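The primary structure of each chain is shown beneath.
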There are 2 protein chains.
Amino acid sequence: MRISPPNPELLALHTGTVGKTWDLRQIIDGCARHRFRGISPGRDRLKQMGVKEAAKAIRGNGLTPTGLYGAGMFPAQDRKARELAIDEARRAIEEAATLEAECLALTVGGLPEDSKDLPGAREMVRDGLGRTLDHARSAGVRLAIEPMHPMHCAAQSCINTLAQALDLCDELDRGGRALGVAVDVYHVWWDPQLKAQIERAGEKRLLAFQISDWLLAPGTMLADRGMMGDGAIDLPLIRSWMEEAGYRGFHEAEILSAASWWQRDPDEVLATCRVRHQTAC
Amino acid sequence: MRISPPNPELLALHTGTVGKTWDLRQIIDGCARHRFRGISPGRDRLKQMGVKEAAKAIRGNGLTPTGLYGAGMFPAQDRKARELAIDEARRAIEEAATLEAECLALTVGGLPEDSKDLPGAREMVRDGLGRTLDHARSAGVRLAIEPMHPMHCAAQSCINTLAQALDLCDELDRGGRALGVAVDVYHVWWDPQLKAQIERAGEKRLLAFQISDWLLAPGTMLADRGMMGDGAIDLPLIRSWMEEAGYRGFHEAEILSAASWWQRDPDEVLATCRVRHQTAC
């Protein structure tokens, strides 16, 4: 099956794709220069600039804030730390509201320190999401659970498949639209249930779509992603599943790459994303 | 729930736990010295010694050959390479028969070179297994599919969950006992369906059980496993699920650890396995 190239207007940039060379203002300018139409900032970058200022600069450059990143991490050994994570998630919801971001994407957290209790950690995630959701509803911000690759289960996210994330959506937000999922191909491309679960999610739950590639011999588990087209993932096929399920949103390039792309001139990185979006996605 | 320590007679050694310091004969002697009761050799080590000679030494030291490793890798771009993998698997079946190994564990293979066709690779695995199975039945050797961690999907194995492996067992060996699974905690510990799928497998399909641990900050994806007790995996819980499902076989320590355990004196490694089997499994 030959799949036609994606709409170039749908390319967005996850700020994690750019190393530390540029600050958020420079990234916003770069996005405009390279005709990206969306941007999803990390909260750390947002802080540098101030949320209101960032919101203005993003909209002023014709960019849609597709998502905000950098909250979650709900499981912790003691109750106080769990409360702090929930407070932090509520602050992130306020920021997402100011930004008018299309969603707040959550990295839900892995095992608490020294814990081996995976079912317990998953309970804590459910609890944390549940206690954040009303706040999100009031603020008019949609929360996206981002299932992360099983190799991140211990340290970053104990929600590792779309099926798990969608079960949580069904349980905590039955019939609602406040909770959904962020589909990052890097995390889910291997899943034999991927097509079926994207279909299950449907337009209602598909809040974000992130693109990069899986290199054949990644050196490390962290920040060693490939540029679209340089790896093993059939990006056009997964995009076609998203579209068939009703997703009409942006395609966020999220290429965390400490050894390679973070070392290059960000203008080269963005230009390459733009080309590869048309030739490999 | 407090789970009592495992039967010490069930400790076995996967030869991959020992670096290159010892050859197979030394490993066999080491196993006997440290009162391991089982051994699962890799085919590369077996070749050094000769299969018949190895079989004699293993039995002569009171060891059960729990499994043989080092065949599979069915997907390939051209038909000839696929035929070669099947021929190789048949040779491995002969070796497993000579060894009287309890199973031949298969690493089924990932994506063919330059391919992004994951469903296609999974078809090739099904085809390869199907064409190997009659040979295994005639030789009286049971084949174990080893689902591997999703991070190995591209390079080593596109069968990444117990559910997938058991679907293949049902399809290719309905009602039979020729095909089953090897449960390596390192590969499957994160799986939210793990308990249910071990139960589904039952005594009939559970052919091997491998133990190690998931370190909280593994440096690389390859050979960076932890000693039992040093990581995030609730080993007693998973063992209890295996036992509830009817598994009565060995617990093979398989600690692939290039930077740490392979660098140590193998006698220290085996002694540590023996202690940790009682205190952390």
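Further up the page is the structure itself.
Residues numbered from 1 in each chain as written. Chains lettered and ligands numbered in written order. Predicted model: local features only at pLDDT ≥ 70, side-chain atom pairs only at ≥ 80, totals over all residues.

### Topic: the overall build of chain A
Link 1 in the chain: Per the secondary structure count, chain A includes 10 helices and 9 strands.
Link 2 in the chain: By the compact-globule yardstick of 19 Å for 281 residues, chain A fits well, its C-alpha radius of gyration being 18 Å.
Link 3 in the chain: Taking the principal axes of its C-alpha atoms as reference, chain A extends roughly 45 × 45 × 35 Å.
Link 4 in the chain: Counting across all 281 residues of chain A, residues that qualify as buried make up 51%.
Link 5 in the chain: For chain A, restricting intrachain contacts to residue pairs at least 6 apart in sequence, the fraction spanning at least 24 positions comes to 79%. (Helix = DSSP H or I, 4+ residues; strand = E, 2+ residues; numbered from the N terminus. Rg over C-alpha atoms; globule rule 2.2 N^0.38 Å. Buried ≥ 20, exposed ≤ 12 C-beta atoms within 10 Å, placed from the backbone. Contact = placed C-beta atoms within 7 Å.)

### Points about the interface of chain B and chain A
Frequently, the measure chosen for interface size is the accessible area that the parts lose on association.
Link 1 in the chain: If you look at the interface, chain B gives 25 residues, while chain A gives 25 residues.
Link 2 in the chain: Here the side of chain B that touches chain A is composed, by residue class, of 16 nonpolar, 6 polar and 3 charged. (Nonpolar A, V, L, I, M, F, W, Y, C, P; charged D, E, K, R; others polar.)

### Section: unusual backbone geometry
Link 1 in the chain: We note that E100(A) has phi near 55°; this positive angle belongs to a residue other than glycine.
Link 2 in the chain: Note on placement: E100(A) falls in the loop between α4 (79-99) and β5 (104-107).
Link 3 in the chain: A count of 13 C-beta atoms within 10 Å places E100(A) in the partly exposed class.
Link 4 in the chain: The phi dihedral of D114(B) is positive, around 65°, even though this residue is not glycine.
Link 5 in the chain: Considering the arrangement of structural elements, one finds D114(B) in the loop between β5 (104-107) and α5 (118-139).

### Side note on the nonpolar core
Link 1 in the chain: Residues L104(A), A144(A), V181(A), L104(B), A144(B) and V181(B) are the most contacted members of the largest nonpolar core, which totals 172 residues.
Link 2 in the chain: Among residues more than four places away in sequence, those in contact with A144(A) are G67(A), C103(A), L104(A), A105(A), L106(A), G180(A), V181(A), A182(A), L207(A) and A208(A). (Core = buried A, V, L, I, M, F, W, Y, C linked by C-beta atoms within 7 Å.)

### Some words on the relation of the copies chain B and chain A
Mapping between the two copies of the chain is achieved by a rotation about an axis and a shift along the axis.
Link 1 in the chain: Superposing chain B onto chain A takes a rotation of 180° plus a shift of 0.0 Å along the axis, which leaves an RMSD of 0.0 Å. The symmetry that links the two subunits is that of a two-fold axis. Taking C-alpha positions as the reference, the residue of chain B nearest the rotation axis is T220(B), at 2.3 Å.
Link 2 in the chain: Both copies present the same face, since 100% of the interface residues in chain B are matched by interface residues at the equivalent positions in chain A. (Least-squares fit on C-alpha atoms with pLDDT ≥ 70 in both.)

### Comments concerning the sheet that holds strand β3 (residues 64-65) of chain A
Link 1 in the chain: The sheet built from 9 strands is open, its strands ordered β3-β2-β1-β9-β8-β7-β6-β5-β4 (chain A) with parallel pairing. The open sheet has two edge strands, β3 and β4 (68-72) of chain A, and neither has a second partner. (Pairing = 2+ DSSP bridges.)

### Some thoughts on the sheet that holds strand β7 (residues 179-184) of chain B
Residues and elements named next belong to chain B.
Link 1 in the chain: The strand order across the open sheet formed by 9 strands is β3-β2-β1-β9-β8-β7-β6-β5-β4, and the pairing between neighbours is parallel. At either end of the open sheet lies a strand with only one pairing partner, and these are β3 (64-65) and β4 (68-72).
Link 2 in the chain: Sheet topology note: the strand β8 (residues 206-211)/strand β9 (residues 251-253) ladder contains 2 bridges and is parallel. In the sheet register, I211 faces β9, and the bridge partner there is A253.

### Thoughts on helix α6 (residues 162-172) of chain A
Link 1 in the chain: All of the buried residues along α6(A) are L162(A), Q164(A), A165(A), L166(A), L168(A) and C169(A).
Link 2 in the chain: Those residues of α6(A) hidden inside the fold are in contact with α5 (118-139), β6 (143-145), β7 (179-184), α7 (185-188) and α8 (194-205) of chain A.

### Structural notes on the packing of α4(A) against α5(A)
Residue and element names in this part refer to chain A.
Link 1 in the chain: Across the interface, α4 lies against α5 with an axial gap of 10 Å and an inter-helix angle of 30°. As summarised for this structure, α4 and α5 are arranged roughly parallel, according to the angle between their axes. For the pair α4 and α5, the sense of crossing is right-handed. Contacts between α4 and α5 pair R82, A85, I86, A89, R90, I93, E94 and A97 from the former with M124, G128, R131, T132, H135, A136 and A139 from the latter.
Link 2 in the chain: Looking at the contact of α4 with α5 residue by residue, the classes come out as 8 nonpolar, 3 polar and 4 charged. (Axes fitted to C-alpha atoms, helices over the stretch in contact; angles between N-to-C directions. Parallel < 35°, antiparallel > 145°, perpendicular 65-115°, else oblique. Left-handed = near helix turned anticlockwise from the far one by under 90°.)

### As for the pairing of β4(A)
Residue and element names in this part refer to chain A.
Link 1 in the chain: Counting buried positions along β4 gives 5 out of 5 residues, so the element sits mostly inside the fold.
Link 2 in the chain: Pairing of β4 with β5, which is carried by 4 bridges, proceeds in the parallel orientation. Paired with G72 across the bridge in β5 is T107.
Link 3 in the chain: The parallel pair β4 and β5, bridged by α4, forms a crossover whose chirality is right-handed. (Right-handed = clockwise from strand over helix to strand, strands pointing away.)

### Regarding the environment of M221(A)
Link 1 in the chain: As for its position among the elements, M221(A) is in the loop between β8 (206-211) and α9 (235-244).
Link 2 in the chain: Judged by C-beta crowding, with 18 C-beta atoms within 10 Å, M221(A) ranks as partly exposed.
Link 3 in the chain: In this structure the C-alpha to C-alpha distance between M221(A) and A121(A), which are 100 residues apart in sequence, comes to 21 Å.
Link 4 in the chain: Aside from chain neighbours lying at most four places away, what touches M221(A) is M151(A), P218(B) and M221(B).

### Thoughts on the environment of W262(B)
Residues and elements named next belong to chain B.
Link 1 in the chain: Topologically, W262 is positioned in the loop between β9 and α10 (266-280).
Link 2 in the chain: Owing to 18 C-beta atoms within 10 Å, W262 belongs among the partly exposed residues under this scheme.
Link 3 in the chain: Counting along the chain gives 11 residues from W262 to C273, while the straight-line C-alpha distance between them is 13 Å.
Link 4 in the chain: With sequence-adjacent residues up to four places away left out, W262 is seen in contact with G19 and S257.

### Describing the packing of helix α6 (residues 162-172) of chain B against helix α8 (residues 194-205) of chain B
Describing two packed helices takes the angle between their axes plus the distance from one axis to the other.
Residue and element names in this part refer to chain B.
Link 1 in the chain: Closest axis-to-axis distance for the α6/α8 pair is 9 Å, and the angle between their directions is 35°. Note on packing geometry: the crossing formed by α6 with α8 is left-handed. Between α6 and α8, the residues in contact are L162, A163, L166 and C169 and L194, Q197, I198, R200, A201 and R205, respectively.
Link 2 in the chain: In terms of residue class, the contact of α6 with α8 is made up of 7 nonpolar, 1 polar and 2 charged.

### Brief notes about the environment of P75(B)
All names here are of chain B.
Link 1 in the chain: Looking at the element boundaries, P75 is found in the loop between β4 and α4 (79-99).
Link 2 in the chain: Through-space distance from the C-alpha of P75 to that of L111 is 6.5 Å; in sequence the pair is 36 residues apart.
Link 3 in the chain: Leave out the neighbours within four places in its chain, and P75 touches G109, G110, L111, P112, A121, M124 and V125.

### Overview of the pairing of β8(A)
All names here are of chain A.
Link 1 in the chain: Judged by how many residues are buried, β8 sits mostly within the fold: 6 of 6 residues are covered.
Link 2 in the chain: Relative to β8, β7 is paired through 4 bridges, and the arrangement is parallel. Residue V183 lies in a different strand from β8, and its bridge partner there is F209.
Link 3 in the chain: Running through α9, the crossover from β8 to the neighbouring parallel element strand β9 (residues 251-253) is right-handed.

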